[in-house]
Amino acid sequence: MRFINDKKILKIFFINFFLLYFFLYIGEILINYSNDQLFQKTRLYFLNKKIKKDLNQIYLNFGSYKLIDKRNLSILPLSGYDQAKILLCLDENNEPVYYNSDFNGFNNEIYQKYNDILLIGDSYVQGMCVKNTENFNGQFKKFNFKTTSLGVGGNGPLLEYSIFQEYQSEYKFKKLVLFITPDNDFFDLSNEMNNKILISYLSNKNFTQNLSNKDKKNEKKNILNEYFGNKTQRFANDFLSIYHFNLKEISNLFGNIFLKKKKKTYFHLQNNKVDQIFFDVINNFNNSLLNQNIDFYVVFNSVTPDILYPSTSESKKYKKLLDIKVSKIKKLLDKNQIMYIDYSEYLLKNYNNKNINVIFKKIDNRWDHYTEKGYYVLTNNIVKLITD
């Protein structure tokens, strides 16, 4: 009798469990439908589909920031896989954007030793998330400038300077444009400054990891392979994500309701050491380029529209802190007679929160990188800066 009751209890439990999951899943579907994210494919889906179709190895995009906390690395890779097909990102239409990396692992169609401009920066300079004809390399080509991009997604100022130090000798260029992204550069730098290898680039102008060396290239590939491991083969997780069986949005919803949000402190925006290292990075760029008689320019990427047009007390506070930081950097640039442009200022004068979507795109219902027009308009402004 007791055994029968136990079976009934177990049966009732599973029925209620599945009913609960069913209604939660319906809620998950509705949330994703309202956010225009229903059954969106993932990077892993496209990666494995492409590999099966072409029978060639394709890699996910890599950012060095993913490894800066690793203390036991013999070298710190500063770029992704060399001479490989890379899945960069998924665009606003949930379509994959690929590129063929150059022999140092950067997003350049061909190696150009001689360039008009060398571009240094983060994901914007790498070309998130547009086709290569529309990224900065493609845009500058429309103005008859030869450029090479050494941009990598997730880079902050110290990683960018390290890339410059490591690879500059492989290129001849007349001008260098450093892109600063106020939204995240200060936070990125607060993490980068704790890495001994990156600090070595800053403190010793002759420091190098010799990453162009054949043996180091092989070592770099092994490190990347170890990092990605079986991440590209997680079919079950990919299936659960695409069809929303993981209830991700429902989990986030309950988390926002029941978990008390931590008060944001923005420590990285109130840290004087971050400021000083940022200044050191710019001064090192400037001194090195002055010695080589190369023109140096700085471009401030625009902050994303939710910060550009703040609507909450939190976003207004954050924008105010960013403005203070940016003004300090501008003072340093003015002092050293380094020419610059601020894309945020330009957009505030020429656009508003109702038409800013022609400059910025939304992906997964969040403001992301520039649209094709956004890249073009900024490139046009840079051309005016460097030719006036």
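This text follows the structure it describes.
None of the values given here were measured: they were computed from a predicted structure. (Residues numbered from 1 in each chain as written. Predicted model: local features only at pLDDT ≥ 70, side-chain atom pairs only at ≥ 80, totals over all residues. Heavy atoms only, no water.)

S.K.: I'm lost on the sheet that holds strand 6 (residues 172-180) in this one. Help?
M.R.: Neighbouring strands of a sheet are bound in pairs by backbone hydrogen bonds; such pairs are parallel or else antiparallel. With parallel pairing, the five strands of this open sheet are ordered in space as 5-4-6-7-8. Two strands close off the open sheet at either side, each with one partner strand: strand 5 (147-149) and strand 8 (339-342). Ignoring strand direction, the axes of neighbouring strands in this sheet form an average angle of 20 degrees. Relative to strand 7 (residues 295-300), strand 6 runs parallel, the two being bridged by six bridges. Counterpart to Leu178 in the pairing with strand 7 is Val298. Packed onto the sheet, helix 11 (residues 272-291) meets strand 4 (114-120), strand 6 and strand 7 and runs at close to 165 degrees relative to strand 6. (Pairing = 2+ DSSP bridges. Helix = DSSP H or I, 4+ residues; strand = E, 2+ residues; numbered from the N terminus. Axes fitted to C-alpha atoms, helices over the stretch in contact; angles between N-to-C directions. Contact = heavy atoms within 4.5 Å.)

S.K.: Explanation requested: the pattern of salt bridges in the structure shown.
M.R.: Any two side chains of opposite charge can pair, given that their charged atoms come close. Taken as a whole and judged by the stated rule, the model has eleven salt bridges. One salt bridge in this structure joins Asp295 and Lys175, with 3.1 Å as the shortest N-O distance. Of this pair, Asp295 sits in strand 7 while Lys175 sits in strand 6, and the two are 120 residues apart along the sequence. The network of salt bridges with common partners includes Asp82, Lys217 and Lys220. (Salt bridge = Lys/Arg side-chain N within 4 Å of Asp/Glu carboxyl O.)

S.K.: Could you clarify how one ought to interpret helix 5 (residues 157-167) in this entry?
M.R.: Residue pairs spaced three or four apart in an α-helix point in one direction, given the helix's 3.6 residues per turn. Helix 5 sits mainly inside the fold: eleven of its eleven residues count as buried. Looking at helix 5, one finds that the buried residues are Pro157, Leu158, Leu159, Glu160, Tyr161, Ser162, Ile163, Phe164, Gln165, Glu166 and Tyr167. Buried-residue contacts for helix 5 involve strand 4, strand 6, helix 6 (182-192), helix 7 (196-203) and helix 11. (Buried < 20%, exposed > 50% of the residue type's maximum accessible area, 1.4 Å probe, protein only.)

S.K.: I tried to follow unusual backbone geometry on my own but got confused; where do I start?
M.R.: Across residues other than glycine, the phi torsion is negative in most instances, and most of the peptide bonds are trans. Across the junction of Met128 and Cys129, the peptide omega takes the value -20 degrees, indicating a cis bond. Residue position: Cys129 is located in the loop between helix 3 (123-126) and helix 4 (136-142). A positive phi is found at Asn144, a non-glycine position, where the angle reads about 65 degrees. With respect to the secondary-structure elements, Asn144 resides in the loop between helix 4 and strand 5. Although it is not a glycine, Asn293 sits at a positive phi angle of roughly 60 degrees. Relative to the helices and strands, Asn293 resides in the loop between helix 11 and strand 7. On the basis of relative accessible area, Asn293 is assigned to the exposed category, the value being 70%.

S.K.: Where do I start with the sheet that holds strand 1 (residues 58-60) in this structure?
M.R.: In space, the three strands of this open sheet follow the order 1-2-3, with mixed pairing throughout. Bordering the open sheet on either side are strand 1 and strand 3 (96-100), each of which pairs with just one other strand. The average angle at which neighbouring strand axes cross in this sheet is 35 degrees, direction not considered. In this sheet, strand 2 (residues 85-90) lies alongside strand 1 in parallel orientation, the contact comprising three bridges. Among the inter-strand pairings, Leu60 is bridged to a residue of strand 2, identified as Leu87.

S.K.: It is not clear to me how the packing of aromatic side chains should be interpreted in this structure. Could you clarify?
M.R.: Counted according to the given criterion, the structure contains 25 aromatic pairs. Ring geometry for Phe300 versus Tyr340: centroids 5.8 Å apart, planes at 85 degrees, classification edge-to-face. Within this pair, whereas Phe300 is found in strand 7, its partner Tyr340 is found in strand 8, the two being separated by 40 residues in sequence. Using a relative accessible area of 1% as the deciding quantity, one classes Phe300 as buried. Residue classification places Tyr340 among the partly exposed positions, given a relative accessible area of 23%. (Phe/Tyr/Trp six-rings, centres within 6.5 Å; stacked < 30°, edge-to-face > 60°.)

S.K.: How do you make sense of the environment of Phe179 when you look at a structure like this?
M.R.: Here Phe179 is to be found in strand 6. Placed 59 residues apart in sequence, Phe179 and Ile120 show a C-alpha to C-alpha distance of 6.2 Å. Beyond its immediate sequence surroundings of up to four residues, Phe179 is in contact with Leu119, Ile120, Gly121, Val125, Phe136, Glu160, Asp185, Val299, Asn301, Leu378 and Ile382.

S.K.: Help me understand the pairing of strand 7, please; the structure alone is not making it clear to me.
M.R.: Regular strands have side chains that alternate between both faces of the sheet. Taking burial as the measure, the six residues of strand 7 include five buried ones, the bulk of the element. The pairing of strand 7 with strand 8 spans four bridges and is classified as parallel. The partner of Val298 across the bridge, within strand 8, is Tyr340.

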